[in-house]
Amino acid sequence: MSRKLNHTLIVLLAMMVVWAIVCTAVSGVLPVRFELSRLALPVAAFAVLSFLMALDRRRTVAVCLLLFGLSAIIESLLGVAQLAGIAQSRHDTFRITGNFVNPGPFGGYMAFASLTSLALVIRHELKGWQRIAAIAVGSLSFVMMILSRSRAAWLAFALIGILVVFRETGLLGRIRHKWLLTAAVVLLTAAAAYGAFTLKPDSARGRFHFWHMDCLVIADNPLTGAGPGVEMGAFGDVQAEFFASHPRSAEKMRLAGVAEYPFNEFLGAGMSCGLPGLVLAVSAYVLALVIQARRRGLLLWPLAAFGIFALFSYPMSQTATTLVLVLCLADAAAVDGMSRRSRTWWCTAAAVIASVSVPFLVLRAREEADHLAYARISRNGKLTPEVHARYYDTQRYRPSFLYFYALCEVAEGRDAHALELLESAARLDSEPLIHTLAGDCLLRTGRPAQALEHYLRAYYVAPARVYSLLKVIELYAASGHIDEARAVRDYALSLPFKRSQTRTLEIRKQIRSYEL
């Protein structure tokens, strides 16, 4: 039965990869090679780990855990340096991010490392300096997780930490009345969820809204989804239609923001690849959990924490957290006690898959290298049309690159090319500034009706932002529709807003001072 589960997991994972490629081809927005390059690293890592685990699973897991611990220490020390002001955070708003672009995945990574260290220490499998090292990794990771202020990471650590303590210490088997433990876990879960909610209630309510929009994206195309890499553009389309079609409460309009991620990896799979993708993702994850639980594997705990964290955050957007999941899945898929013939077949298949992935890994590496070079030029404020033309081949599937390229083209008076770039960016991202800039281009080229459509779309994509309404007021006033301009101005000033947002306050002052 155990081997059947392992083989079923491999089949499910293979089906996920194939279905993602099919959905990319059906979508037609991005080329198939883009999805292949995106999948290359996790697929190649899974193949290499499977090859090594077929030879010696225990030793491979031990080496991977050592590397995981070293990585966690490096990330923790970098977080300390960022907190002290020695190193620079990778996010303008948050002080601690480690090597991640956002503190959310950083906190999740620290939670995975801390839980793994906790289980290792409780199991008494390490002695001497190894035990001390595990305690150090766990302690540093725990502190960084707390400082990251990632509520999803806190919740994952709290819930799985309880299970680690009860199962690894044997307390679970000593408790007679299991219903009491179940009730205690339910109460603690409710208390932790309530605490996370009250810490940032607007952010928590915003998550519910995002999940609602995610479900609407899936409902629009339940078979193949919007397509990998295109899901957030579809998110913007759905949210714009949601607010444009019916009057919504002021509270919901205030909470609706611009989402860069689905904020639920399972729903994200459904957005990209439809209901089949969602079912495959959930099935593969649950089956891997079952295998690890039956095996009493150490990687059960980071895998379980990953699932909880993935319900609220976006760990698949970061390489480090993705590799943690790949390690857990490869360990779950590995078969113990294989015959020599089976081991040879397994190693051969893994080697072939890894080899096929190499060209796409090279392509992905080139894309990332060009992205870093472009980002460095951007920070120096030296972006020109020539710079964008140089990196266009590898960066044309990044909406931010397309947007800034369009800005440069607008500055050079090439509105037609800018509109082409913005049209491509709008398919990939829900950022309302894309539509606002498109409206400006259309207005300059003598198409005010189409410009108005883009301004309104920018507003409905993110009704909490009023900059697009300022553009609508200016357009109406310039065309002599004073009554319409006055009505939009009054409406804009009646909308709820956060007083902490300086930019919004400035725009509201401009709207209020507009004489009509």
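Scroll up to find the structure this text is about.
Because the structure is a prediction, the values reported are computed rather than measured.

Here's the deal with the overall build of the protein
Reasoning step 1: Helix and strand counts for the protein come out as 22 helices and 0 strands.
Reasoning step 2: Against the compact-globule benchmark of 24 Å for 516 residues, the protein has a radius of gyration of 25 Å, which places it among compact chains.
Reasoning step 3: The burial tally for the protein puts 48% of its 516 residues in the buried class.
Reasoning step 4: The long-range fraction of contacts in the protein, counting pairs at least 24 apart against all pairs at least 6 apart in sequence, stands at 68%.
Reasoning step 5: By element, 63% of the accessible surface of the protein is carried by carbon and sulfur atoms, the whole surface being about 25100 Å².

What to know about the packing of aromatic side chains
Each aromatic ring pair is characterised by the separation of its centres together with the angle its planes make.
Reasoning step 1: The final tally for this structure, using the stated rule, is 22 aromatic pairs.
Reasoning step 2: Residues F142 and F157 carry aromatic rings whose centres are separated by 5.2 Å and whose planes lie at 50° to one another, so their mutual orientation is tilted. With F142 in helix α4 (residues 129-148) and F157 in helix α5 (residues 151-168), this pair connects stretches of sequence that are 15 residues apart.
Reasoning step 3: With relative accessibility at 35%, the residue F142 sits in the partly exposed group.
Reasoning step 4: For the pair F208 and W211, a centre-to-centre distance of 5.4 Å together with 85° between the ring planes defines the contact as edge-to-face. With a gap of 3 residues between them, F208 and W211 both fall in helix α8 (residues 201-220), about one helical turn apart.
Reasoning step 5: A relative accessible area of 17% means that W211 is categorised as buried.
Reasoning step 6: Here a set of aromatic residues connected by ring pairs shows up, and it is made of F210, F235, Y261, F263 and Y314.

Quick look at the nonpolar core
Across soluble globular proteins, nonpolar side chains show a tendency to be buried alongside one another.
Reasoning step 1: Ranked by internal contacts, the top residues of the largest apolar core, which has 70 residues, are L9, F46, M110, F112, I160 and V164.
Reasoning step 2: Within the residue set of this core, elements represented by two or more residues are α1 (2-27), α2 (32-84), α3 (103-123), α4, α5, α11 (265-295), α12 (300-310) and α13 (319-333).
Reasoning step 3: Counting residues per element, this core draws most heavily on α3, at 11 residues.
Reasoning step 4: Leaving out residues up to four positions away in the same chain, L9 has contacts with A284, L287, A288, I291, L329, A332 and A333.

Notes on the pattern of salt bridges
Reasoning step 1: One pass over the structure, following the stated rule, counts 15 salt bridges.
Reasoning step 2: D490 is paired through a salt bridge with R489; the nearest N and O atoms lie 3.5 Å apart.
Reasoning step 3: For R489, a relative accessible area of 16% gives the class buried.
Reasoning step 4: Taken together, the salt bridges that share partners define one network made up of R364, E367, E368 and R398.

Here we look at the packing of α2 against α3
To characterise two packed helices, one gives the angle between the axes of the helices and the distance between these axes.
Reasoning step 1: Axis separation between α2 and α3 bottoms out at 10 Å; the angle between their running directions is 130°. Put simply, α2 runs oblique to α3. In this structure, α2 meets α3 at a crossing whose hand is left-handed. Here L65, F68, S71, A72, E75 and S76 of α2 come into contact with α3, specifically with F106, Y109, M110, F112, A113 and T116.
Reasoning step 2: Here the contact of α2 with α3 is composed, by residue class, of 8 nonpolar, 3 polar and 1 charged.

A look at the side chain of T436
Reasoning step 1: Locating T436 in the fold gives a position in helix α18 (residues 432-444).
Reasoning step 2: Setting aside chain neighbours within four positions, we find T436 in contact with Y455, A458, Y467, S468 and K471.

Focus: a nonpolar patch on the surface
Reasoning step 1: A cluster of nonpolar side chains, L83, F142, V143, I146 and L147, forms an exposed patch at the surface whose accessible area comes to about 370 Å².
Reasoning step 2: Per-element accounting of the nonpolar patch gives the leading share, 4 residues, to α4.

Focus on helix α14 (residues 340-379)
Reasoning step 1: Counted at 1.5 Å a residue, the expected span for α14 with its 40 residues is 58 Å, and the 55 Å between its end C-alpha atoms agrees.
Reasoning step 2: The sharpest bend along α14 reaches about 40° and sits at V358, with the proline P359 one to four residues further on.
Reasoning step 3: Along α14, the residues classified as buried are W346, C347, A350, A354, S357, E367, D370, A373, Y374 and I377.
Reasoning step 4: Just downstream of α14 lies G381, where phi reads positive at about 70°.

A look at helix α17 (residues 415-428)
Reasoning step 1: In a regular helix each residue adds 1.5 Å, so 14 residues correspond to 20 Å; α17 covers 20 Å between its end C-alpha atoms and thus fits that length.
Reasoning step 2: Listed in full, the buried residues belonging to α17 are D415, A418, L419, L421, L422, A425, A426 and L428.
Reasoning step 3: Its buried side turned inward, α17 meets α9 (231-245), α15 (385-395), α16 (399-411) and α18.

Comments concerning the environment of V258
Reasoning step 1: Inspection of the secondary structure assignment puts V258 in the loop between α10 (250-255) and α11.
Reasoning step 2: The class of V258 is partly exposed, set by a relative accessible area of 23%.
Reasoning step 3: When sequence neighbours within four positions are dropped, the list of residues in contact with V258 reads S430, E431, P432, A462 and R465.

Scoring rules and cut-offs
- Residues numbered from 1 in each chain as written.
- Predicted model: local features only at pLDDT ≥ 70, side-chain atom pairs only at ≥ 80, totals over all residues.
- Heavy atoms only, no water.
- Helix = DSSP H or I, 4+ residues; strand = E, 2+ residues; numbered from the N terminus.
- Rg over C-alpha atoms; globule rule 2.2 N^0.38 Å.
- Buried < 20%, exposed > 50% of the residue type's maximum accessible area, 1.4 Å probe, protein only.
- Contact = heavy atoms within 4.5 Å.
- Areas by Shrake-Rupley, 256 points an atom, 1.4 Å probe, with all protein chains shown as cover.
- Phe/Tyr/Trp six-rings, centres within 6.5 Å; stacked < 30°, edge-to-face > 60°.
- Core = buried A, V, L, I, M, F, W, Y, C linked by side-chain atoms within 4.5 Å.
- Salt bridge = Lys/Arg side-chain N within 4 Å of Asp/Glu carboxyl O.
- Axes fitted to C-alpha atoms, helices over the stretch in contact; angles between N-to-C directions.
- Parallel < 35°, antiparallel > 145°, perpendicular 65-115°, else oblique.
- Left-handed = near helix turned anticlockwise from the far one by under 90°.
- Nonpolar A, V, L, I, M, F, W, Y, C, P; charged D, E, K, R; others polar.
- Patch = residues over 30% accessible without salt bridge, like charges linked within 9 Å, V, L, I, M, F, W, Y side chains within 5 Å.
- Expected span 1.5 Å × (residues − 1).
- Bend = angle between axes of the 7 residues up to and from the residue.

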